[in-house]
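Chains, contacts and geometry: an overview
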Amino acid sequence: MSATIIDGKAYAAGLRTRIAEAVADMARQGATPGLAVVIVGEDPASQIYVKNKARQTVEVGMRSFEHVLPASTSEAELLGLVAQLNADPAVDGILVQLPLPKQIDAQKVIEAIDPAKDVDGFHPVNAGKLMTGVPGFVSCTPLGCLLLIQSVRKDIAGLDAVVIGRSNIVGKPMAQLLIGQSCTVTVAHSKTRDLPEVCRRADILVAAVGRPEMVRGDWVKPGAIVIDVGINRVPNLAAGEGKTRVVGDVAYAEAAERASAITPVPGGVGPMTIACLLRNTLQAACIRRGLPMPAVDFAPAA
Ligand SMILES: Nc1nc(=O)c2c([nH]1)NC[C@@H]1CN(c3ccc(C(=O)N[C@@H](CCC(=O)O)C(=O)O)cc3)C=[N+]21
């Protein structure tokens, strides 16, 4: 069987086009959504994400407010900035890039963000809304994964879904979203016994562990939908000393021989994360202005 390659880059580009149209409509009514991104420290990989986010924010017609703080920033200083952004009417969405330096309690910062501006969906209020089936902000990466799953199969009710990883930002919200679609959900993690066997039961397999190519081809049930959340930088021996390449948590070539559909890395989930951030920012801007949320998601596949 040859798997459908789920083109997250193309899906994300389409989503951004529709977001841009909605933003243009809002602008005609004199309202422009604004997204504030805060980064603490000079981690080069983080800087790249932040630059990409800022570029795409402006490309869809939103205002981008970038705050780059030194690695030595204190918790009180960061909380001060968050308070200022909470109070700023031009800011609809706030993203504080994780991880944060050791001297800052990330949970405290997340809880300081106004839930109405929490476009990452990390605030306990939004996590709780997701858990209880109340509309709120859903974490961008799991939301992007669900849209990609629905791009190849509309009705996933009753399917067995296995999520590898139990983080608050991916694994747990992913499981909640799949429960919401009436899947039978298993959350596996580092203490799971016989992980390969658990994975082999999955009609939908979501890998979010951060270990390069951990999921092997023979862990994949024939016909499964495989979603690879991992972004791991590994040495690229073919390209020479010091060169790296990006691989997922799934051994892609092996898994593609058994899956019915699979996301590549790069070009799969990653671009969807940023597109969903912009989608959530549009949602925040609409709610804060009392406007209806325009339909920007694509209709699921048959
Ligand atoms: N508060 C917070 N929210 C986040 O959403 C958040 C964060 N902190 N900290 C860092 C991670 C990482 N992240 C990515 C987003 C897009 C790509 C992306 O677009 N990746 C491309 C390029 C990959 C590459 O070549 O490096 C792809 O997968 O095709 C990757 C990673 C968001 N994060």
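Here the structure is shown first, and the text comes after it.
A short tour of the structure in this document, coming up. Owing to the predicted nature of the structure, the values given are computational and were not obtained by experimental measurement.

**Side note on the sheet that holds strand β8 (residues 225–228)**
- The strand order across the open sheet built from six strands is β1-β11-β8-β7-β5-β6, with neighbouring strands paired in parallel fashion. The sheet is open, and its two edges are formed by β1 (4–5) and β6 (184–188), each paired on a single side.
- Where β8 meets strand β11 (residues 261–262), two bridges bridge the pair, whose relative direction is parallel. Looking across to β11, one finds that Ile225 is bridged to Ala261.

**Quick look at helix α2 (residues 44–59)**
- Spanning 16 residues, α2 covers 23 Å between terminal C-alpha atoms, matching the ideal 22 Å at 1.5 Å per step.
- What α2 keeps buried is the set Val50, Lys53, Gln56 and Thr57. On an axial view of α2, the arc spanned by its buried residues comes to 135°, and they lie on one face. Exposed residues lying more than 90 degrees from the buried face of α2 are Pro44, Ile48, Arg55 and Val58.
- Residues of α2 that are buried sit in contact with α1 (8–28), β2 (34–40), β3 (63–69) and α10 (269–289).
- Looking at the residues trailing α2, positive phi occurs at Gly61, about 90°.

**Structural notes on the nonpolar core**
- Core analysis: the largest hydrophobic core is formed by 89 residues, its most contacted members being Val163, Leu205, Val206, Val226 and Ala259.
- Looking at which element gives the most residues to this core, the answer is α10, with 10 residues.
- Contact partners of Val226, with chain neighbours within four places excluded, come to Leu205, Val220, Val250, Ala255, Ala259 and Ile262.

**Points about the site of the ligand**
- In the neighbourhood of the ligand, 16 residues make up the surrounding shell, with Gln97, Leu98, Pro266, Gly270 and Thr273 lying closest.
- Examining the composition of the shell around the ligand, we find that four residues originate from one element, α10, more than from any other.
- Of the residues that constitute the shell around the ligand, the class distribution is 11 nonpolar, four polar and one charged.
- Here the shell around the ligand gathers at least three residues from each of two domains, domain 1 (16–115) and domain 2 (140–266).

**Some details on unusual backbone geometry**
- The linkage connecting Leu98 with the following residue, Pro99, adopts the cis geometry, with an omega of -5°.
- Turning to its location among the elements, Pro99 is positioned in the loop between β4 (93–96) and α4 (106–112).
- Geometrically, the link from Val265 to Pro266 is a cis peptide bond, its omega value of -5° lying close to zero.
- Examined against the element boundaries, Pro266 turns out to sit in the loop between β11 and α10.
- Positive phi outside glycine occurs at Ser182, with the angle close to 65°.
- Considering the arrangement of structural elements, one finds Ser182 in the loop between α7 (171–180) and β6.
- Residue Ser182 is classed as exposed on the basis of its C-beta count, with 12 C-beta atoms lying within 10 Å.
- You will see that Asp194, though not glycine, has its phi angle at about 50°, which is positive.
- Structurally, the position occupied by Asp194 is in the loop between β6 and α8 (195–199).

What counts and what doesn't
Residues numbered from 1 in each chain as written. Predicted model: local features only at pLDDT ≥ 70, side-chain atom pairs only at ≥ 80, totals over all residues. Pairing = 2+ DSSP bridges. Helix = DSSP H or I, 4+ residues; strand = E, 2+ residues; numbered from the N terminus. Expected span 1.5 Å × (residues − 1). Buried ≥ 20, exposed ≤ 12 C-beta atoms within 10 Å, placed from the backbone. Arc of directions from axis to C-beta. Contact = placed C-beta atoms within 7 Å. Core = buried A, V, L, I, M, F, W, Y, C linked by C-beta atoms within 7 Å. Near = placed C-beta within 6 Å. Nonpolar A, V, L, I, M, F, W, Y, C, P; charged D, E, K, R; others polar. Domains from an automatic or database assignment.

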